[in-house]
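Fold and contact review
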Amino acid sequence: MGKTMAVHEIPERATMPVTGLVNTYTYGTEALAYGTEALAHGTEALHATGSRWLGRLGVWLRGDAVFAQLIRFALVGGLSNVGYILLFLALYGGGPQLANLAGSIVSTALANEMHRRLTFQAADRVRWYTAQLEGGALALAGLAITSGGLAILEVIEPGIDGLTEAIAVLGITAAVGTMRFLTLRLWVF
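Just so you know, the residues in each chain are numbered from 1, in the order the chain's sequence is written. Residue-level local features of this predicted model are given only where pLDDT is at least 70; pairs of side-chain atoms are given and counted only at 80 or more, and the full residue set underlies all totals for whole chains, interfaces and linings. Neither water nor hydrogens contribute to the side-chain values; these are computed over all heavy atoms in the structure.

**Some thoughts on helix α4 (residues 96-119)**
Buried residues of α4: Ala99, Ala102, Gly103, Ser107, Ala111, Asn112, Glu113, Met114, His115, Arg116 and Thr119, and no others. A contact between two residues is defined here by any heavy atoms of the two lying within 4.5 Å. Counting from the N terminus, the helices are DSSP H or I runs at least four residues long and the strands are E runs at least two residues long. Next to the buried residues of α4 lie α3 (66-91), α5 (128-156) and α6 (162-188). Just past α4, the residue Gln121 takes up positive phi, approximately 45°. For each residue, the accessible area found with a 1.4 Å probe, counting protein chains only, is set against the maximum for its type, and the residue is called buried under 20%, exposed over 50%, and partly exposed in between.

Rendered as structure tokens:
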């Protein structure tokens with residue numbers, strides 16, 4: 001009926017690695033060596049699976065799916081904000097208004113170009129000048145909406161605290177960013 005098993009023989013069902021201590025206790029040191037070898041093969045398989053998964057993720061992120069473009073849009077926005085801050089700090093000695101103006105112009109132009117080339121992959125369809133003109137106009141519209149929202153908030157709640165105002169700015173900025181993404185995706189690029 002069944003196969004009899006010697007004390008040191010590993011059963012056929014032991015094909016997956018189990019904790020080394022349990023194997024050693026149950027089957028002796030031979031099972032520990034078997035478990036270690038199986039674990040090494042499992043690690044190689046996991047690494048290969050992870051590499052395939054990351055490869056597929058990379059292909060998807062470079063694709064035309066809306067969510068992939070949204071992720072690239074957010075990454076480009078984050079990088080351009082870092083560039084803005086660095087330029088603002090570098091030029092702050094000339095005054096905050098000059099630093100803000102230069103930082104805004106350079107970071108917006110850089111973001112528009114990265115959106116043209118990376119986010120929407122439109123370098124072959126949209127010229128540099130068009131992307132700068134239309135993307136810059138959207139950035140100005142976003143600045144006007146954000147400034148207007150803050151002005152309205154100041155009239156409605158004159159004694160508002162800084163944290164609430166910062167949360168409002170984040171909400172307005174998120175709405176403007178969403179509008180900018182959709183406009184860039186559907187109209188500009």
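**Some remarks on the packing of α3 against α6**
Convention adopted: a line fitted to C-alpha atoms gives each axis, helices being fitted over their contacting stretch, and angles between N-to-C directions are expressed from 0 to 180 degrees. Put simply, α3 and α6 touch, their axes get as near as 11 Å, and they point 120° apart. When the axes of α3 and α6 are compared, the pair comes out oblique. Of the two possible hands of crossing, α3 and α6 adopt the one that is right-handed. Here Val66, Gln69, Leu70 and Phe73 of α3 lie close against α6, whose contacting residues are Gly177, Arg180, Phe181, Leu184 and Arg185. An angle counts as roughly parallel when it lies under 35 degrees, as roughly antiparallel when it exceeds 145, as roughly perpendicular when it falls between 65 and 115, and as oblique in every other case. Here is the rule for handedness: rotate from the far helix to the near one, and if that takes an anticlockwise turn smaller than a right angle the crossing is left-handed, while a clockwise turn gives right-handed.

**Some words on the layout of surface pockets**
In this structure, the largest pocket occupies an estimated 1200 Å³ of space. Lining residues are those with an atom within 4 Å of a point, where the points come from a 1 Å grid over the protein atoms alone and group into cavities, where a 1.4 Å probe fits but cannot get out, or pockets, open sets with protein on both sides within 12 Å along at least five of seven lines. As for the largest pocket, its lining consists of 30 residues, of which Asn81, Ser107, Thr108, Ala139 and Arg180 are closest to the centre. If you list the elements that add at least two residues to the lining of the largest pocket, you get α3, α4, α5 and α6. A total of nine residues in the lining of the largest pocket trace back to one element, the largest contributor, which is α4. In this structure, the second largest pocket spans a volume of roughly 150 Å³. Every residue along the wall of the second largest pocket is listed here: Leu61, Arg62, Ile71, Arg72, Leu75, Val76, Arg117, Leu118 and Gln121. Looking at the lining of the second largest pocket, the elements with two or more residues in it are α3 and α4. If one sorts the elements of the lining of the second largest pocket by residue count, α3 sits on top with four residues. Residues are sorted three ways: Asp, Glu, Lys and Arg are charged, Ala, Val, Leu, Ile, Met, Phe, Trp, Tyr, Cys and Pro are nonpolar, and all the rest, Gly among them, are polar. Considering only residue class, the lining of the second largest pocket consists of five nonpolar, one polar and three charged. Grid points are joined across faces, edges and corners, and a volume is the space filled by probe spheres set on the points.

**Examining α6**
Residues Ile172, Val176, Arg180, Phe181, Leu184 and Val188 constitute the buried set of α6. Of the surrounding secondary structure, the elements contacted by the buried residues of α6 are α3, α4 and α5.

**What about the nonpolar core?**
Phe73, Phe120, Ala122, Val126, Ala131, Leu138, Phe181, Leu184, Val188 and Phe189 form the largest nonpolar core, which has ten residues in total. Secondary-structure elements contributing two or more residues to this core are α5 and α6. It is α6 that contributes the most residues to this core, three residues altogether. Beyond its immediate stretch of four places on either side in the chain, Ala122 contacts Arg116 and Phe189. Put simply, buried Ala, Val, Leu, Ile, Met, Phe, Trp, Tyr and Cys residues joined by side-chain atoms within 4.5 Å make one nonpolar core.

Fair warning: the whole summary comes from geometry, so function is off the table for now.
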